[in-house]
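# Summary of structural features
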Amino acid sequence: MDPAPATPRWNLERPYLTGRFHQEAKVAAAAQGAGSKPYSLDSFSRGGGGGGAESVIGSYAVSVQELLVIDDLLSALVGIEGRYISIKRVRGKEGYVVFQIDSSMDLALQELTRRIFPLCEDFVLVYHFVESRSHFKSGLVNHALAAALRAFLLDYQAMVAQLEHQFRLGRLSVQGLWFFCQRMMSSLNALAVLVEKAISNNTSGSATLNLLQSQAKAMAGDSAVRSLLEKMTECASAAYLRMLERWVYEGVIDDPYGEFFIAENKSLQKESLTQDYDAKYWQQRYSLKDGIPSFLTNVAATILTTGKYLNVMRECEYTVQVPLSESSKLMGFGSNHQYLECIKSAYDFASGELLTLMKDKYDLIGKLRSLKRYLLLDQGDFLVHFMDIAREELTKKPEEISVEKLQSLVDIALRSTAAASDPSHEDLTCCVERSSLLKKLSTLKDLDCAYPSDKLVAADVDHPMPLSVTGLETFCLSYKVQWPLSLVISRKALTKYQLIFRLLFHCKHGFRSVKILGTPVLRSSILCRSMLKFVNSLLHYLTFEVLEPNWHLMHDRLQTARSIDEVIQIHDFFLQKCLKECLLLLPELLVKIEKLKALCLQYATSIQLLIPSIDVAKPENTSKSRMPRSKIKETKNRGQQLKLASENVVMSESILKFEAEFNSELQSLIPTLSNSSQAEPYLTHLGQCILGVGVDQ
């Protein structure tokens, strides 16, 4: 926010523009006439300097005293000292003065005169507020209030002029003056109380509006004063209403003096949504400040959201024309609550327009479906083809993998399968993570894991993976997301998709490895079938018990969503529920599942090392009659190798060791699932899928 312009010097140097010229000029004249004798406004009065007997009002007759005091009172009513009425400033209080009268005056006249002094003091205080709060730095609300008070004071000064006219005609007494001032007494006193609180608290913007409203409510018993304060509130709120109108109808903050209750953080850019996991753009680019006007407290969140939606559309260079009419003008914060209807209508329009823009022009549902197709492995043929052509590259260490080569293989797999018909397939990219799935989970502090993240790290250290980590464990797909879809598919949401993808991809890799590298050597065939059943059941649970039903539930809810915030909430709930039911938020169970998968991979790798003659790439459905002679001979040799392997003691012991460890880990899942299934009912389905029995057994 730009600083407020400075008050021009001429407004301070020319006393005739300040309303205090009569005091300043008098002090200057007194100082010149008195030589070196110091004078001050506190001690100076027209009746105090001469010391002559003629200046003492008590030396005159009572009838003359009344005429003299009326003349002074008419000046005092507009803040000017008279010959026998002096003004004394109150030290330490801005704008406060006290009127004093010559003590030699008739006591009855003194009593009547002092009754009028509060009106004079209230005028000076209100006039001081008008002058001091007309500066730029005071803000638009104070400017508007000062202008309304100035208009009121013009009526007050007109009353004083009429009283002076009556005095010149000889028709005004002190008692009559007191009577005619009654109409202004309560009104000006209420305004003086108002500005006294405003000055002492240095209010501006919404604080001034809140003060006006509270003062109006406090005057419920005086309808005239209450009406006056409500009129002041209406005038002061006009500038605030214009700021509010620009925000809810254009999405623009027009707040030169920092009075509006919505703040903009320009350092937060929309690009952070696709780059930063903890991006706060949507939550903090525009936010509520302290000091919300009391009459807008209940709709402040709606106002904030309305402008945010309009800003998104403007960032998309989408022309938004809010339908304006006389009924949509924010005329005031009256008791009819018309302004609330205007705000609700603006919110409904902005929300509907943005949702239509996201769904129609930017194809939000199609992008989410594309994420499901690739990152949730709904496009099966693409993945199978990719794993076949990228096997050699994925078996390398992560630091040795060429991401560019993997990307070209991903593109080949996309063009060679049914995915080529997907218009969003070009947005799919790949990456290689530098840490395992468990370590990645431990770095994300906001996933609301049921166990401390240090357990994940410890479990990852103890993970039975003697072989070095390869690209098969660290490979991941990513997705290019453009504004404004990044509001829904942010970096955080995409990271959650990637966590699920890595779990599914590793399961697919484990299933294919056991199926291709498994062999019917002795008990190996039994173990192989058990491992295949475990991995296949796990994939079935993840796909058909978790992802599919939750996806369809999210899809149905998105059809009835009425705002982007609701869309974001539904999408985030879907991802959080999938993460939880995929066990990614349950470290104790996830560690056991990861250990079982690791055993399957170790088994397949060990069998391949123990029987190096097994042809991994042999076609499974080729008939023996059509094989070439070299192939038939190779098959016979392999059969002989298998026969020898079946008689090998080391081979048998290795298989028995794998079988015992695998079965032990599998059975240990039963009590773990049983203990957790009461709190998490979906674990019952997991137990039935993996173990084939209910967890209560």
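Nothing here was measured: the structure is a model prediction, and the numbers come from that model.

Counting its regular elements, the chain contains 26 helices and six strands. Buried residues in the chain amount to 48% of all 697 residues. Intrachain contacts of the chain at a sequence separation of at least 6 include 73% that bridge at least 24 residues. Approximately 34,300 Å² of the chain is accessible, and the part contributed by carbon and sulfur atoms is 52%.

Next up on the list: the pattern of salt bridges. For the coordinates displayed, the defined rule picks out 20 salt bridges. Taking the shortest distance from any N to any O, the salt bridge between R285 and E264 comes out at 3.0 Å. Of this pair, R285 sits in the loop between α10 (281–284) and β4 (286–288) while E264 sits in strand β3 (residues 262–264); the two residues are 21 residues apart in sequence, bridging distant segments of the chain. With relative accessibility at 9%, the residue R285 sits in the buried group. Residue classification places E264 among the partly exposed positions, given a relative accessible area of 33%. What emerges from the salt-bridge pattern is a single network uniting D71, R83, E164 and R168.

Glancing now at the packing of helix α5 (residues 140–168) against helix α7 (residues 182–201). It is at 12 Å that the axes of α5 and α7 come closest, and there the two elements cross at 145°. Note on packing geometry: the crossing formed by α5 with α7 is left-handed. Across the interface between the two elements, L149, F152, L153, D155, Y156 and M159 from α5 touch M184, S187, L188, L191 and V195 from α7. In the contact of α5 with α7, the residues fall into nine nonpolar, one polar and one charged.

Bringing the confidence of the model for the chain into the picture now. When pLDDT is averaged along the chain, the result is 80, and 79% of the positions lie at 70 or above. Long-range and interchain partners of residues 34–54, a stretch whose pLDDT sits below 50, account for 25 contacts in this model, where long-range means more than four residues apart. Low confidence marks residues 693–697, where pLDDT is under 50. Its contacts with residues over four positions away, or in another chain, come to eleven contacts.

This part covers the pairing of strand β6 (residues 475–479). Of all five residues in β6, five are buried; the element is thus mostly enclosed. What you see with β6 is no split at all: F475, L477 and Y479 on one side and C476 and S478 on the other are buried throughout. Of the pairings in the sheet, the one linking strand β5 (residues 428–432) to β6 comprises five bridges and is antiparallel in character. Looking across to β6, one finds that V432 is bridged to F475.

For T417, the position within the fold is in the loop between α16 (403–415) and β5. Setting aside residues up to four positions removed in sequence, T417 forms contacts with D381, F382 and H385.

This paragraph deals with the packing of aromatic side chains. Summed over all chains, the structure comprises 18 aromatic pairs. Taking 5.3 Å as the distance between ring centres and 55° as the angle between the ring planes, the aromatic pair formed by W247 and Y286 counts as tilted. Of this pair, W247 sits in helix α9 (residues 223–250) while Y286 is found in strand β4, placing the two residues 39 residues apart along the sequence. Taken as a pair, W247 and Y286 share a single burial class, namely buried. Between Y281 and W483, the ring centres sit 5.7 Å apart and the planes meet at 90°, which makes this aromatic pair edge-to-face. On the criterion of sequence distance, the pair formed by Y281 in helix α10 and W483 in the loop between β6 and α20 (491–517) is long-range, its members being 202 residues apart. For the residue pair Y281 and W483, the accessibility class agrees, reading buried in each case. Through a chain of ring-to-ring contacts, three or more aromatic side chains come together here, namely Y374, F382, F386, F475, F501 and F505.

The terminal C-alpha atoms of α7 lie 29 Å apart, and with 20 residues this matches the ideal 28 Å at 1.5 Å per residue to within 8%. Buried within α7 we find M184, M185, S187, L188, A190, L191, A192, L194, V195, A198 and I199. Buried residues along α7 sit against α4 (107–132), α5, α6 (174–180), α8 (206–218) and α9.

Once that is clear, we can look at α5. When the terminal C-alpha atoms of α5 are compared, their 42 Å separation across 29 residues agrees well with the 42 Å that a helix rising 1.5 Å per residue should span. Once α5 ends, the next one or two residues include G170, with phi positive near 80°.

What follows concerns the environment of Q269. Within the secondary structure layout, Q269 lies in the loop between β3 and α10. Residue class for Q269 comes out partly exposed when judged on its relative accessible area of 40%. Linking Q269 and K280, residues eleven residues apart in sequence, is a C-alpha distance of 9.4 Å. If near-sequence neighbours (up to four positions away) are discounted, Q269 is found in contact with Y281 and R285.

Each value, and the rule that gives it
- Residues numbered from 1 in each chain as written.
- Predicted model: local features only at pLDDT ≥ 70, side-chain atom pairs only at ≥ 80, totals over all residues.
- Heavy atoms only, no water.
- Helix = DSSP H or I, 4+ residues; strand = E, 2+ residues; numbered from the N terminus.
- Buried < 20%, exposed > 50% of the residue type's maximum accessible area, 1.4 Å probe, protein only.
- Contact = heavy atoms within 4.5 Å.
- Areas by Shrake-Rupley, 256 points an atom, 1.4 Å probe, with all protein chains shown as cover.
- Salt bridge = Lys/Arg side-chain N within 4 Å of Asp/Glu carboxyl O.
- Axes fitted to C-alpha atoms, helices over the stretch in contact; angles between N-to-C directions.
- Left-handed = near helix turned anticlockwise from the far one by under 90°.
- Nonpolar A, V, L, I, M, F, W, Y, C, P; charged D, E, K, R; others polar.
- pLDDT = per-residue confidence, 0-100.
- Pairing = 2+ DSSP bridges.
- Phe/Tyr/Trp six-rings, centres within 6.5 Å; stacked < 30°, edge-to-face > 60°.
- Expected span 1.5 Å × (residues − 1).

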